[in-house]
Amino acid sequence: MSDAPIWILDEVTTKPGQGPAFLAAYMERYVPKAQARGMTLAHRMVEPAMWLDDAPNRLLFVWTLPNPGAVWGSKHVARPDADVSRWWNEEAPAFIESRRRSTLADADMLAEYDNV
Amino acid sequence: MYNLLSVLTFAPGLDAAGRDAFAATVGKAAAALPGVRNVMFEPTLPGVYNGGDYLLRLVFDDKAAADAAMASETWAPAKALIDDKATISYVQRVAYPGGRSGGSSDGSGLFRVALFCANVNPTPERLEAFADQTSGMPNHVRSILRWQLSTADEAEGDRPWTTVWEQEYRDLDGLNGPYMMHPVHWAHVERWFDTEYTEHLVDSILVHTFCAIQRPVIV
């Protein structure tokens, strides 16, 4: 199997006015250990393109991992790490209204990934 | 059919003779159980997680037949050894009627079972979606020859196990290769197991164990 990036997408809708605070907390408390697990933060995007004081912002964090084996490797490190579940279950909810994580691959790679 | 599955871990100090005696006694008793329709009693292979040293899987027509067999004089010598902490230090055990199943195998190869505890917001809708996606895996993982996804109605061990996920493969490569590396696993069903996904449903403590087999196990 050739190496082609796997994309992990964190899609977060913040509480009104909490966008900047969430971004700062995510970068400080979540990102360093995710990077240590082999994840690369490729994009940090904000919708709309300004911080809103009285309405939610939508933030997209686009991560990459080099291949499915690296996906498993990252999961196996994260799963027993209490900081990870603490972040998502205890710290992040103070800032966010909703979130979703997705795992994606390039459309051209689907046939190859299916052929295992 | 009604199934009894035990994941048996030897006591640390049990020597080779003790292990051989255990295997001989339990194997003989299992084969002679009244009403038993299928017996699998095999040592686990290297690479299991929380997977014990021996797997014992017994199949009966129904729960009444299973209960009667476990209470029989035939089973008494095996039960005594399994209950003896100097022989078996730990047991993960589930009892379950056969659930969703599919595929076929000639039984030569590998049997793998995972025990899950779905205990994170286990609403009926989430449990149904988890079962739908898990039982859909064999449609994509071509190395799964035979499979069964069942709900435990009795359980003991590290967790109150809720789910029994069994497969038969031609060999270990079928488990470590296609099963682990197909996206239906790491990109789809895995969401139920990962605390980072909002779908998270299954406790991080699980049983993943397997053994070589010489005849069909999931019947």
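What you are looking at is a predicted structure, and each value in this text was computed from that prediction instead of being measured.

Asks: Please give an account of the overall build of chain B that cites residues and values.
Replies: Scanning chain B for helices and strands turns up 6 helices and 10 strands. Relative to the 2.2 N^0.38 estimate, which gives 17 Å for 219 residues, the radius of gyration of chain B is 17 Å and therefore close to what a compact globule would have. Reported as C-alpha extents along the three principal axes, the dimensions of chain B are approximately 50 × 35 × 35 Å. Here chain B holds 219 residues, and the buried ones make up 53% of them. When contacts within chain B are restricted to residue pairs at least 6 apart in sequence, long-range pairs at least 24 apart make up 79% of them.

Asks: Give me the sheet that holds strand β9 (residues 163-169) of chain B: which residues, what numbers.
Replies: Residues and elements named next belong to chain B. Strands sit in the order β5-β7-β9-β6-β10 across an open sheet of 5 strands; the sheet is antiparallel. Each edge of the open sheet carries a strand with a single partner, namely β5 (100-103) and β10 (207-213). The average undirected angle you get between the axes of adjacent strands in this sheet is 10 degrees. The pairing of strand β6 (residues 109-116) with β9 spans 7 bridges and is antiparallel. Its bridge partner being in β9, Phe111 is matched across the sheet by Glu168. Contacts between helix α5 (residues 172-181) and the sheet are confined to β6, β7 (144-151), β9 and β10, with β9 contributing the most and set at about 115 degrees to the helix.

Asks: Give me the lowdown on the interface of chain B and chain A, citing residues and values where you can.
Replies: Listed per partner, the contact involves 18 residues of chain B and 23 residues of chain A. In total, about 2000 Å² of surface goes out of reach between chain B and chain A, with carbon and sulfur atoms giving 53% of it. On the chain B side of the interface with chain A, the three residues burying the most area are B:Trp186, B:Glu196 and B:Tyr197, jointly 37% of the side's total. In this structure, the connection of chain B to chain A is made through 6 salt bridges. Here A:Lys75 makes a salt bridge to B:Glu190, at a shortest N to O gap of 2.8 Å. Linking chain B to chain A there are 11 residue pairs in polar contact (both at pLDDT 80 or more). Going through the elements one at a time, α5 and α6 (183-188) of chain B are the ones with two or more residues in the side of chain B that touches chain A.

Asks: Give me the pairing of strand β2 (residues 38-43) of chain B: which residues, what numbers.
Replies: Residues and elements named next belong to chain B. Counted residue by residue, β2 has 5 buried out of 6 residues, so it is predominantly covered. Both β2 and strand β3 (residues 54-60) contribute to a ladder of 6 bridges, which runs antiparallel. When the sheet's bridge partners are listed, Phe41 is paired in β3 with Leu56.

Asks: Can you lay out the sheet that holds strand β4 (residues 88-97) of chain B for me, pointing to particular residues and giving the numbers?
Replies: Residues and elements named next belong to chain B. The sheet built from 5 strands is open, its strands ordered β2-β3-β1-β4-β8 with antiparallel pairing. Two strands in the sheet have a free side with no partner beyond their single neighbour: β2 and β8 (154-156). Going from strand to strand, the sheet's axes swing by 10 degrees on average, the running direction of each strand aside. The strands touched by helix α1 (residues 16-31) within the sheet are β1 (2-10), β2, β3 and β4, with β2 carrying the most contacts at an inclination of about 170 degrees. Strands β1, β3 and β8 of the sheet are contacted by helix α2 (residues 63-70), whose axis makes an angle of about 125 degrees with β3.

Asks: I'd love a proper account of the side chain of B:Gln148, names of residues and values included.
Replies: With respect to the secondary-structure elements, B:Gln148 resides in strand β7. Not counting residues within four places of it along the chain, the set of residues in contact with B:Gln148 comprises B:Asn3, B:Arg57, B:Tyr96, B:Gly98, B:Gly99, B:Arg100, B:Ser101, B:Val164, B:Trp165, B:Glu166 and B:Ile218.

Asks: Quick one: what's the story with the domain arrangement of chain B, residue by residue and with numbers?
Replies: Residue and element names in this part refer to chain B. Domain parsing of chain B yields domain 1 (2-96) and domain 2 (99-213). Placing the centre of domain 1 and that of domain 2 at their C-alpha centroids yields a distance of 22 Å. Among the salt bridges present, the one from Glu154 reaches Lys63, with a minimum N-O distance of 3.1 Å. Linking domain 1 with domain 2 are 15 residue pairs in polar contact (both at pLDDT 80 or more), by the criterion used here. If you list the elements that add at least two residues to the side of domain 1 that touches domain 2, you get β1, β2, β3 and β4. If you tally residues by element for the side of domain 1 that touches domain 2, the top one is β4, at 7 residues. The residue inventory of the side of domain 1 that touches domain 2, partitioned by class, reads 15 nonpolar, 6 polar and 4 charged.

Asks: Hey, could you go over the packing of α1(B) against helix α3 (residues 76-83) of chain B for me, with residue numbers and the actual values?
Replies: All names here are of chain B. Put simply, α1 and α3 touch, their axes get as near as 8 Å, and they point 140 degrees apart. If you check the angle between α1 and α3, you find them oblique. Viewed along their axes, α1 and α3 form a crossing whose handedness is left-handed. Packed against α1, whose contacting residues are Ala21, Phe22, Thr25, Val26 and Ala29, the element α3 presents Pro77, Ala78, Leu81 and Ile82 at the interface.

Asks: Explain helix α3 (residues 82-91) of chain A to me, and be specific about the residues and the numbers.
Replies: All names here are of chain A. Regarding α3, the residues found buried are Val84, Trp87 and Trp88. When α3 is viewed along its axis, its buried side chains cluster within an angular range of 80 degrees and face the same direction. Residues of α3 that are exposed and point over 90 degrees away from its buried face: Asn89 and Glu90.

Asks: Describe in detail the side chain of B:Glu196, supporting the description with residues and values.
Replies: With respect to the helices and strands, B:Glu196 occurs in the loop between α6 and β10. Aside from chain neighbours lying at most four places away, what touches B:Glu196 is A:Tyr30, A:Arg37, A:Ala78, A:Val84, A:Trp88, A:Arg99 and A:Arg101.

Rules used throughout
- Residues numbered from 1 in each chain as written.
- Chains lettered and ligands numbered in written order.
- Predicted model: local features only at pLDDT ≥ 70, side-chain atom pairs only at ≥ 80, totals over all residues.
- Heavy atoms only, no water.
- Helix = DSSP H or I, 4+ residues; strand = E, 2+ residues; numbered from the N terminus.
- Rg over C-alpha atoms; globule rule 2.2 N^0.38 Å.
- Buried < 20%, exposed > 50% of the residue type's maximum accessible area, 1.4 Å probe, protein only.
- Contact = heavy atoms within 4.5 Å.
- Pairing = 2+ DSSP bridges.
- Axes fitted to C-alpha atoms, helices over the stretch in contact; angles between N-to-C directions.
- Buried area = accessible area lost by both parts, 1.4 Å probe.
- Salt bridge = Lys/Arg side-chain N within 4 Å of Asp/Glu carboxyl O.
- Polar contact = N/O pair within 3.5 Å; in protein donor to acceptor, adjacent residues only side chain to side chain.
- Domains from an automatic or database assignment.
- Nonpolar A, V, L, I, M, F, W, Y, C, P; charged D, E, K, R; others polar.
- Parallel < 35°, antiparallel > 145°, perpendicular 65-115°, else oblique.
- Left-handed = near helix turned anticlockwise from the far one by under 90°.
- Arc of directions from axis to C-beta.

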